[in-house]
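# Fold and contact review
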Amino acid sequence: MRTGLAGSAGLVAGCGRLRCPHCGADLTVRGGSVGCRAGHTYDIARQGHVSLLGPGRRPPAGDSEEMVAARAAFLGAGHYAPIARAVAAAASEAVEPTRRRIGCVVEIGAGTGYYLAWAIGELGGWSGLALDSSRPALRRAMRADPAIAGVVCDAWGVLPVKDGAADVVLSVFAPRNPAEIARILGKRGTLVVVTPGPGHLREIVGALGMIGVDPDKPARLEAKLASDLRSVTAGAVSFEMTLDHAGVGALAGMGPSAHHIEPAVLAERVAGLPESVRVTAAVVVQTFRRRPAGRA
């Protein structure tokens, strides 16, 4: 995985894959903004990301500064590196050798860009589009790799990405709009999805009052995607982590549970745990490809 300072390189490289959220026309970088031939322009933030929301739309409440900081601390410590390696391997294995240096990876709900940076680092020479509703998260994503362009958008709505522009789409613990994923995925493209598996974080979910895991999630995911995409591979990734109170707090504070537990309450519950906690990570990594034309 490469690292680099935020800049315009990622946006320049990724802009050819984006479309105007107002009229659908191609976008180009014009100095400090991005615009289309119809005259719609979008300012590029100082940190390098750009907001491409549709007319009259506001992004849903994304991760807060505190949640993003917790995620950066937890992922930066390498606790989820086995998941990142599995994601990067799935993306790389899905790409034909002759196409390895001309592609683009789009991550929906990219957060800090951790998994996206692993994927494009494994592929080598590819660009990345980090789509998220959280500006604090995208500021981190732009620093994860200079080839990443950060785009503020609504993952549940129409994505500001051209039809068939994504060679690989990532969805790691993130919301998914099946119709939009199918639209932006190239004919030979691959979707890589990570969902929690049975037993994920079982040692702390109950003790901290975190949101539980739906054991049927992988099956429900496949059913939602079935009209356009078919499952190609599915593999379980399971490992144990040894976490101190800071690590447990960051893990609980970086995910959706942070929206439902008051920080003071979470801190009190974490303090009631042993100083060192063995926590199980158990996820399912699935890949999907387009169904052949005329087949369901």
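Residues numbered from 1 in each chain as written. Predicted model: local features only at pLDDT ≥ 70, side-chain atom pairs only at ≥ 80, totals over all residues. Heavy atoms only, no water.

Moving on, we get to the sheet that holds strand S3 (residues 41–43). Pairing in this open sheet of three strands is antiparallel, and the strands run S1-S2-S3 from one edge to the other. The sheet terminates laterally at strand S1 (28–30) and S3, the two strands that pair on one side only. In this sheet, neighbouring strand axes are inclined to one another by 30° on average, regardless of whether the strands run parallel or antiparallel. The pairing of strand S2 (residues 33–35) with S3 spans three bridges and is antiparallel. Bridging across to S3, Val-34 finds its partner in Tyr-42. (Pairing = 2+ DSSP bridges. Helix = DSSP H or I, 4+ residues; strand = E, 2+ residues; numbered from the N terminus. Axes fitted to C-alpha atoms, helices over the stretch in contact; angles between N-to-C directions.)

Confidence in the prediction for the protein chain averages 88 pLDDT; 93% of positions are at 70 or higher. Overall, residues 1–7 carries pLDDT values under 50, and its contacts beyond four positions in sequence, including any with other chains, amount to 22 contacts. (pLDDT = per-residue confidence, 0-100. Contact = heavy atoms within 4.5 Å.)

What follows is about the sheet that holds strand S9 (residues 185–196). Spatially, the eight strands line up as an open sheet ordered S4-S7-S6-S5-S8-S9-S11-S10, and their pairing is mixed. In the strand order of this sheet, the two ends are held by strand S4 (50–51) and strand S10 (229–243), each with one partner. As paired strands, S4 and strand S7 (residues 148–152) are joined by two bridges and run parallel to one another. Paired with Ser-51 across the bridge in S7 is Val-152.

All right, on to the pattern of salt bridges then. Taken as a whole, this structure holds nine salt bridges when the rule is applied. A salt bridge links Arg-17 to Asp-167; the shortest N-O distance between them is 3.2 Å. In this pair, Arg-17 sits in the loop between helix H1 (9–14) and S1 while Asp-167 sits in strand S8 (residues 166–172), placing the two residues 150 residues apart along the sequence. Judged by its relative accessible area of 15%, Asp-167 falls in the buried class. The closest approach of N and O atoms between Asp-26 and Lys-162, which form a salt bridge, is 3.4 Å. Within this pair, whereas Asp-26 is found in the loop between H1 and S1, its partner Lys-162 is found in the loop between S7 and S8, the two being separated by 136 residues in sequence. Beyond isolated ion pairs, a larger network of salt bridges with shared partners links Arg-19, Asp-163, Glu-180 and Arg-183. (Salt bridge = Lys/Arg side-chain N within 4 Å of Asp/Glu carboxyl O. Buried < 20%, exposed > 50% of the residue type's maximum accessible area, 1.4 Å probe, protein only.)

The geometry of helix H9 (residues 245–253) relative to helix H10 (residues 263–271) is characterised by a closest axis approach of 10 Å and an angle of 140° between their N-to-C directions. In terms of their interaxial angle, H9 and H10 are classed as oblique. Between H9 and H10 the crossing geometry is right-handed. Taking contact as the criterion, the partners of His-245, Val-248, Gly-249, Ala-252 and Gly-253 in H9 are, on H10, Leu-266, Val-270 and Ala-271. Looking at side-chain class alone, the contact of H9 with H10 contains five nonpolar, three polar and no charged residues. (Parallel < 35°, antiparallel > 145°, perpendicular 65-115°, else oblique. Left-handed = near helix turned anticlockwise from the far one by under 90°. Nonpolar A, V, L, I, M, F, W, Y, C, P; charged D, E, K, R; others polar.)

Most of S9 is tucked away: 10 of the 12 residues are buried. As paired strands, S8 and S9 are joined by six bridges and run parallel to one another. In the sheet register, Val-168 faces S9, and the bridge partner there is Thr-190. What joins S8 to S9 is helix H6 (residues 178–184), and the crossover it makes is right-handed. In this structure, S9 lies alongside strand S11 (residues 277–290), joined through six bridges in antiparallel fashion. Within S11, the position partnered with Thr-195 by the bridge is Val-284. (Right-handed = clockwise from strand over helix to strand, strands pointing away.)

The next point concerns the nonpolar core. Of all hydrophobic cores here, the largest spans 59 residues; its most connected members are Tyr-80, Ile-204, Met-241 and Leu-251. Each residue touching Leu-251, except ones within four places of it in the same chain, is listed here: Phe-74, Tyr-80, Leu-201, Ile-204, Met-241, Leu-243 and Val-279. Among the nonpolar cores identified, the runner-up in size contains 34 residues, and Val-34, Val-50, Cys-104 and Leu-191 belong to it. (Core = buried A, V, L, I, M, F, W, Y, C linked by side-chain atoms within 4.5 Å.)

One pass over the full model with this rule turns up four aromatic pairs. The interplanar angle of 80° and the centroid separation of 5.1 Å between the aromatic rings of Tyr-114 and Tyr-115 together place this pair among those described as edge-to-face. Residue Tyr-114 is classed as buried on the basis of its relative accessible area, which comes to 11%. The exposure class assigned to Tyr-115 is buried, which follows from its relative accessible area of 7%. Plain terms: the ring middles of Tyr-114 and Trp-118 are 6.4 Å apart, the flat faces sit at 65° to each other, and that makes the pair edge-to-face. Residue Tyr-114 and its partner Trp-118 are both found in helix H4 (residues 114–123); the two are separated by four residues, about one turn of the helix. Here the aromatic cluster, defined as three or more aromatic residues joined through ring pairs, consists of Phe-74, Tyr-80 and Phe-173. (Phe/Tyr/Trp six-rings, centres within 6.5 Å; stacked < 30°, edge-to-face > 60°.)

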